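Examination of the molecular architecture
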Amino acid sequence: MTSELEIGLYIFMLAGFLGYHVISRVPPLLHTPLMSATNAISGISLIGSLVVAGANYSRLSTLLGFIAVTCSTTNVVGGFLITDRMLKMFKRSRDAGIQGRRPWQFDPRVLLGFPVLIVVFLVLFYWLRQPAMERGTGAGGALSQAALSYFYILSALLFILGLKGLSSPKWARKGMFLAEFGMLMAIVGTLFHSEIVNYRWIATGLFLGSAVGAVMGLRIPMTAVPQRTALSHSLGALAATLVGISEYVRHGAALGNVKMTTIGLEVVIGGLTFTGSLMAAGKLQELLRGTPITYRGQNQSNFILLAAIVASLAYLIFIPSAAWIFCVMVSLALLFGFLMVIPIGAADMPVVIALLNSYGGLADASMGFVLNNKIQIITGSLDGTSGFLLSLLMCRAMNRSATNVLFGAFGKIDAEAADPAAEGKETVRTIVPDELVALFESARSVIVVPGYGMAVAQAQHGVSELAKILMKHGIDVKYAIHPVAGRMPGHMNVLLAEANVPYDQLYEMEQINPYFAEADIALVIGANDVTNPAAKNNKTSPLYGMPILEVERAKSIVVLKRSLRPGFAGVDNELYYSPKCMMLFGDAKESLGQLFAALKS
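Presented here is an overview of the structure given in this document. (Residues numbered from 1 in each chain as written. Predicted model: local features only at pLDDT ≥ 70, side-chain atom pairs only at ≥ 80, totals over all residues. Heavy atoms only, no water.)

Take the pattern of salt bridges next. Counting across every chain of the model gives eight salt bridges. The salt bridge partner of R250 is E247, with a shortest N-O separation of 3.1 Å. In this pair, R250 and E247 are both assigned in helix α9 (residues 225-251), three residues apart and thus about one turn of the helix distant. Residue D520 pairs with K555 through a salt bridge whose shortest N-O separation is 3.4 Å. With D520 in the loop between α21 (509-512) and β5 (521-525) and K555 in the loop between α22 (534-537) and β6 (556-561), this residue pair connects regions lying 35 residues apart in the sequence. (Salt bridge = Lys/Arg side-chain N within 4 Å of Asp/Glu carboxyl O. Helix = DSSP H or I, 4+ residues; strand = E, 2+ residues; numbered from the N terminus.)

Written out as structure tokens, the structure is:
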């Protein structure tokens, strides 16, 4: 006889295998929407939270379940809303001039009606359940169990089809509508669960989570998508941790070895993901400094801390009644997540965000094993696969290993490198907007290279307007996108799509590099390390071996940048001292405004 654990493991592996084949076909153009979508789907932890919040196990379990419902609902509503906002922006050149919404287009704010529908179902179930419970049948009979199973099967199918739609911008939004409907089916199906007897805290958590998620999904600007994603990871991980704590408090010494193992993995992975994601969000929001925060013996102490967590879990597997050991293990996991992220520089945030996405998926899958919920195992496996694949792609784009990213403190700038006086050690050429206008007059081909500096200055709309002016004058314009330009995979694509840049003008690194030799002007806006020729020429450089955009091959190079200060790698960009390179110093948005004025005159 096959045990429930074996069935769960089979489902986890098969879902991961299927997820690999589906997610690996998502183009780099849609990597940011992919991460946002999987983050929303990982909000399926909501269905486990609903049971804990509504089952009246104990006051503590109800409180923990209520908080988990609120966190998970925030992920679901906010994640799907912001994913739809991003996908709606991607247009082809022939569609870029179409203004207004077509009659059949979906308004993402309709998603806010999901909680209303769920509340209606809550009231209906509560009203119908009372007579049934008086007759002794309850809502946990054969009908409700069959309905629950079919709803979950339908949801799993819709989630996979939704991710499959992300293989093309043409079908991406339609795919997400399927995933959203699948989430609704899973939530409604959970309301048939036989253990739910109280809907008061469920309704309150759904309302609060929907309100917060709506604000995050509709109001947060696209430049802040990385920190929003990191914050969502923390909320999802917190929900998984709270449900795991609730299950341990309920069963304690009665837990078997297998159940204790799954609960331990759930709270450990969830705990370190919670605090690690908060640290990542703080760095991205510049509440913490972006450079690595290091101290002597840091890696050794982190490994000792990790060993203590593993030892605590091993002890609990054999003696689950040791509640104080459980508290120590959870506390150490929270501390480890904090210490794991602080030595990682902002340059490595694309990898960190992807890894945290993977950890969040594993925590969700662990919750599925704890609650014996197959749909959570499936979605957790899909989410974990997505994050793992994206982190590998980001490491490959930087020619670095995941170990180097996590423990290398890459991006720590030495005092000598950060000294402004060192900026004058070599001569650079400068240019003013009037001179740049004259340079454009003789150009026939321009390649725009956006970087994080463009995002910080919020200059993407100015870049788009400049490109439109150049194209009106018969100049061919292309955009070169490096995989790690920005603070999460595909971030530059989203920012340019927000500025109505058609996605067929966006070229990935392998596609655009052959065109640089033919370009009259390479216009670099805030991109630093991803254009540094030292990655190819200087074996002593920390960037050596990293694939870069071959900007130095263009006939003329113009860089919009505030100063000559090094990028996050902490090294000077050799490109700036090339005879072909000219620097237009200042805030990118202000520099583009001056350039527009010069063009008009």
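This part covers the pairing of β6. The buried fraction of β6 amounts to six of the six residues, a majority that puts the element mostly inside the structure. The alternating pattern of β6 places S556, V558 and L560 and I557, V559 and K561 on opposite faces, both of which are buried. Where β5 and β6 come together, five bridges link them in parallel fashion. Within β6, the position partnered with L523 by the bridge is V558. (Buried < 20%, exposed > 50% of the residue type's maximum accessible area, 1.4 Å probe, protein only. Pairing = 2+ DSSP bridges.)

Taken as a whole and judged by the stated rule, the model has four aromatic pairs. For the ring pair F12 and F369, a centre distance of 6.4 Å and an interplane angle of 55° mean the geometry is tilted. A residue pair is termed long-range when its members are at least 10 positions apart, and F12 in helix α1 (residues 4-23) and F369 in helix α13 (residues 349-371) qualify at 357 residues. F369 gets classed as buried once you look at its relative accessible area, which sits at 19%. Residues Y248 and F326 carry aromatic rings whose centres are separated by 4.0 Å and whose planes lie at 5° to one another, so their mutual orientation is stacked. Taken together, the residues Y248 in helix α9 and F326 in helix α12 (residues 323-341) connect sequence positions 78 residues apart. Just as Y248 is buried, F326 falls in that class too. When the ring centre of Y57 is taken as reference, the NZ or CZ atom of R250 above it lies at 3.5 Å. One residue, K478, lies across the ring of Y515, its end atom 4.8 Å from the ring centre. (Phe/Tyr/Trp six-rings, centres within 6.5 Å; stacked < 30°, edge-to-face > 60°. Lys NZ or Arg CZ within 6 Å of the ring centre and 35° of its normal.)

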